[in-house]
Amino acid sequence: MNRPLWSRRGVLAAAAAALPLAGCAPAAGGGRLRAAFPTSGAKETLDPHTASLFVDQARAKALFDTLVGYADDMSVVPRLAESWEADPTGTRWRIRLRPARFHDGRPVTAEDVLYSYRRIADPATAATSSDHFADVDFAASRARSATELELVLRAPNFEFPAAWGAPATEIVPAGTTDFRAPVGSGPFRFGAFEPGTSAVFSRFDGHWAGAPALPELEFASVAEESARVSALLSGQVHYAHDVSANAARRLDGDGRVRVLSAPRSTMQAVALKVDRPPFDDPRVLQAVLLGVDRQALVDIALSGRGEVGDDLFGKGLRHYPADLPQRTRDVPRARALLREAGAEGLRFELLTSDSDPYFEPAATVLAQQVGELGITATPRVRPSETYFSDIEQQGVAAHTRTAALPVSTFLAQRMTSGSGSNYTGFRSPEFDALHRTALATADEAERARLLAQAQRLARDRSGLLVWGFSNWNVAVSAQVSGVRAAVPNSLDWARFDRAALG
Amino acid sequence: MRDLLPRVLVGLVQIAVVATGVFALTSWLPGDTAVVVLGEHATPERVAVLREQLGLDRPWGERFLDWAGGLLRGDLGTSLLTGRPVAEQLGEQLAGTALPAALTLLLVLPLAVLVGVAGGVRPDSRADRALRAVIAVLNAIPEFALGMVLVGVFAVQLGWLPATAAGLSGLPLAAQPGVLVLPVAVLVCKQLCPLARQVRVGVAGASAAGFAAHLRMLGMPERTVLLRHVLPNGLAPAVQQLARTVDGLLGGVVVVEALFGLPGVGSGFVDAVEARDLPVVQAYAVVFALTTVLVNTAADVAARRLVPQREVIA
């Protein structure tokens, strides 16, 4: 883009003459898969540790590797780490790396892993996943050999491997500070990148899992959903990430594309703040939880493409207590609770925004439903750019969402007292103790039992009204094979090393 | 030329007012770059660290004076988001927008004159009414809807033209002119209406005015009356409208760039505001204000040239 203007004009003049012939050049060709992702323009980065956008995470997955990945139920599967074990206290973890190489030929070593995790934990990096490594004692952690390292924790955690598969925990070569042309160990190597526009990567033949089928992979940043869909339908791109339920329904009958819909991908919830009136009264909280028709919300706000929630995160994931009876609407009971609490005619503002396509429709339906209890909930649309930090401080009720994560991670980061993203202000020494004990329990079955107990407690008191789980929809051209529906944060989400065009 | 100096001074004051106002308004928006960058991963600690790194912990008065001082030295500062010089970023985005905007103007100008004159010389003729109807319909459809329809028909159904700029692989737009056809078509349809109507009204008015009747009575051929006398008078108000067309293009470009995924000032400006990237927002404000002031001044001057005082119609 730095050419002098006259040459641009020259090209234009020549091109204008050819205009009628130009338009219909097909976008495909040369085995380059083009994937369109939503963007936030210049905010995009190739630094995997500060990546916060889906397009950043997808590119990081192509260029780098993590120690482990998440299966569909968020259990961990080995990637760069071949095997690992904890000592009986759950504070010392030994990890053995598989033989792997960076794009420049250097082997991936224990030092690279330590450097990457130190960098993520360093507050100066402002890394997305710093919380996962806050408990690591880096002074005591060390490389035992080139392929084996020991990480030492300040508190026992038998779920620690979950941290190694979190987004933005990719392994970078030790000493890397500049990510303009990054070197990773992932299935694709860096080619070109222009923030907010496009990135082109090429196949890395030396990848430990075998070379990808695609010679080239291009990420195109397209902010508008309609533009992503028309680019896909007209053959300009082969993969359109993040397609809403409505668009997915329109695309269903179209033979040119396939919609990949991953169920239970995103928890859709309303955070009711239990540290302030009116929801500090458990009866008022309970009344709202009982006053909501979750099926109607799924049918209307999610266009039926989703599942009802049961006021708990992680339906279908490992450690989710699946044996609980589904909470259903009980208007007389809800009214009685409100009467008892002297909260009839309750009014509150329901914060919402367009940062998620389902927030605003859900707010409208929800306001109507609680209206039948005599509660006036007024939806208030807040700016999407700062929404998630606004709702941490402000208001009493706000729509929120969380993509799939290991349940233990969610509980640690959203439910424990004073944790970073505890949107409901839930503080319970009892819950904290259960959670802590669970993490310190080596026995898998006993740990699962304790985590289930902690979740049952949170379900009634944490103030999180989980009304549903939305699907994650991706639309791909009929030419694309080797990609499957997968929830964001999981290993198979936005994974292109098995993809092929044909 | 003598009355140009006060205009320039007023223009400078206007630009200064816009720059200050935009700075104040953007500062009043909730959140700052640190919060926006961290998004869903923002925790108070991370926000504090990033805020310090970006210098956002300094009082806003100090930051404004810094920026204004830089502007006077010709330095637009660096982007909070990317750390790149604002001038460089702005230059790229302006270049991206200049192409569709210039093409639109190149098409709108002759089209508007043609349509306006065709209607204006014989007001209420069948041709005039048909043209007016078509133009009014085009004007009534929002850019967004029009763009979707055109994409649906010409890109998705017929496959004649590319739907978006996705997959340009960072190539300059000029290398793939097909990408520009639909965006420019949308902009032209939208901007044609007010301008053509203004030309039509002007031409119709001038054609029916006393001076034209007088010239015809003197036996001047109709062609000469039209081209030498009616048209210049009729175009004068249209030149003012043209200035507004340029302003309107800036607005239309925001919508069209989003719709077609084109890189340019529209998406650049929206991104900058969303990211609270003040140096970039400010630079845009100055450029937009400067453009508006320049174009409007030029329009006034041109209008005066077109209509020598003796032929001015009320």
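### Some details on the overall build of chain B
In terms of helices and strands, chain B carries twelve helices and zero strands. Over its C-alpha atoms, taken along the principal directions, chain B stretches across nearly 85 × 55 × 30 Å. For chain B, with 314 residues in total, the buried portion stands at 47%. Counting contacts in chain B only where the partners sit at least 6 residues apart, residues at least 24 apart contribute 72% of the total.

### Some words on the environment of A:R101
Residues and elements named next belong to chain A. As for its placement among the helices and strands, R101 is situated in the loop between strand 5 (92-97) and helix 4 (110-121). Sequence separation between R101 and G206 is 105 residues, and the spatial gap between their C-alpha atoms is 7.0 Å. Dropping the residues within four chain positions of it, R101 is found in contact with R106, P107, V108, G184, S185 and F204. Polar side-chain contacts of R101 include one of 2.4 Å to the backbone oxygen of G105.

### Examining the interface of chain B and chain A
Chain B puts 50 residues into the contact, and the matching count from chain A is 52 residues. Buried area between chain B and chain A, summed over both chains or domains, comes out near 4,200 Å², and the portion from carbon and sulfur atoms is 60%. Broken down residue by residue, the surface that chain B buries against chain A is led by B:E40, B:R46 and B:V156, which jointly contribute 15%. Of the charged contacts, one joins A:E385 and B:R276 as a salt bridge, the two residues approaching to 2.9 Å between their closest N and O atoms. Here chain B is connected to chain A by six residue pairs in polar contact (both at pLDDT 80 or more). When contributions to the side of chain B that touches chain A are tallied by element, the ones reaching two or more residues are helix 2 (33-38), helix 3 (44-54), helix 5 (86-121), helix 7 (143-157), helix 8 (178-208), helix 10 (222-260) and helix 11 (265-274) of chain B. By residue class, the composition of the side of chain B that touches chain A is 31 nonpolar, 13 polar and six charged.

### Concerning the sheet that holds strand 4 (residues 81-86) of chain A
Residues and elements named next belong to chain A. Ordered in space as 4-5-7-6, the four strands form an open sheet in which the pairing is antiparallel. On the outer flanks of this sheet lie strand 4 and strand 6 (142-145), each paired with one strand and no other. Going from strand to strand, the sheet's axes swing by 25 degrees on average, the running direction of each strand aside. Pairing geometry for strand 4 and strand 5, over five bridges, is antiparallel. Directly across from S83, in strand 5, lies its bridge partner R96.

### A closer look at empty space enclosed by the protein
Any space left empty among the atoms is revealed by the rolling of a water-sized probe across them. All names here are of chain A. Considering all chains together, one arrives at six cavities of 30 Å³ or more under this definition. Estimates place the volume of the largest cavity at around 300 Å³. As for the largest cavity, its lining consists of 26 residues, and the residues nearest its centre are K61, T66, E170, S490 and L491. Secondary-structure elements contributing two or more residues to the lining of the largest cavity are helix 3 (54-63) and strand 2 (68-70). Of the residues that constitute the lining of the largest cavity, the class distribution is 14 nonpolar, six polar and six charged. Domain assignment of the residues forming the lining of the largest cavity places at least three in each of domain 1 (13-62 + 187-238 + 479-501) and domain 2 (68-165). Volume-wise, the second largest cavity comes out at about 90 Å³. As for the second largest cavity, its lining consists of 14 residues, and the residues nearest its centre are Y239, V474, R484, A486 and A494. Looking at the lining of the second largest cavity, the elements with two or more residues in it are strand 12 (257-272) and strand 17 (464-477). A class-by-class count of the residues in the lining of the second largest cavity yields eleven nonpolar, no polar and three charged.

Reading guide: rules and limits
Residues numbered from 1 in each chain as written. Chains lettered and ligands numbered in written order. Predicted model: local features only at pLDDT ≥ 70, side-chain atom pairs only at ≥ 80, totals over all residues. Heavy atoms only, no water. Helix = DSSP H or I, 4+ residues; strand = E, 2+ residues; numbered from the N terminus. Buried < 20%, exposed > 50% of the residue type's maximum accessible area, 1.4 Å probe, protein only. Contact = heavy atoms within 4.5 Å. Polar contact = N/O pair within 3.5 Å; in protein donor to acceptor, adjacent residues only side chain to side chain. Buried area = accessible area lost by both parts, 1.4 Å probe. Salt bridge = Lys/Arg side-chain N within 4 Å of Asp/Glu carboxyl O. Nonpolar A, V, L, I, M, F, W, Y, C, P; charged D, E, K, R; others polar. Pairing = 2+ DSSP bridges. Axes fitted to C-alpha atoms, helices over the stretch in contact; angles between N-to-C directions. 1 Å grid on protein atoms, 1.4 Å probe; cavity = no way out; pocket = protein on both sides within 12 Å on 5 of 7 lines; lining within 4 Å. Points joined across faces, edges and corners; volume = space filled by probe spheres on them. Domains from an automatic or database assignment.

Any functional reading would require information beyond the geometric quantities listed.
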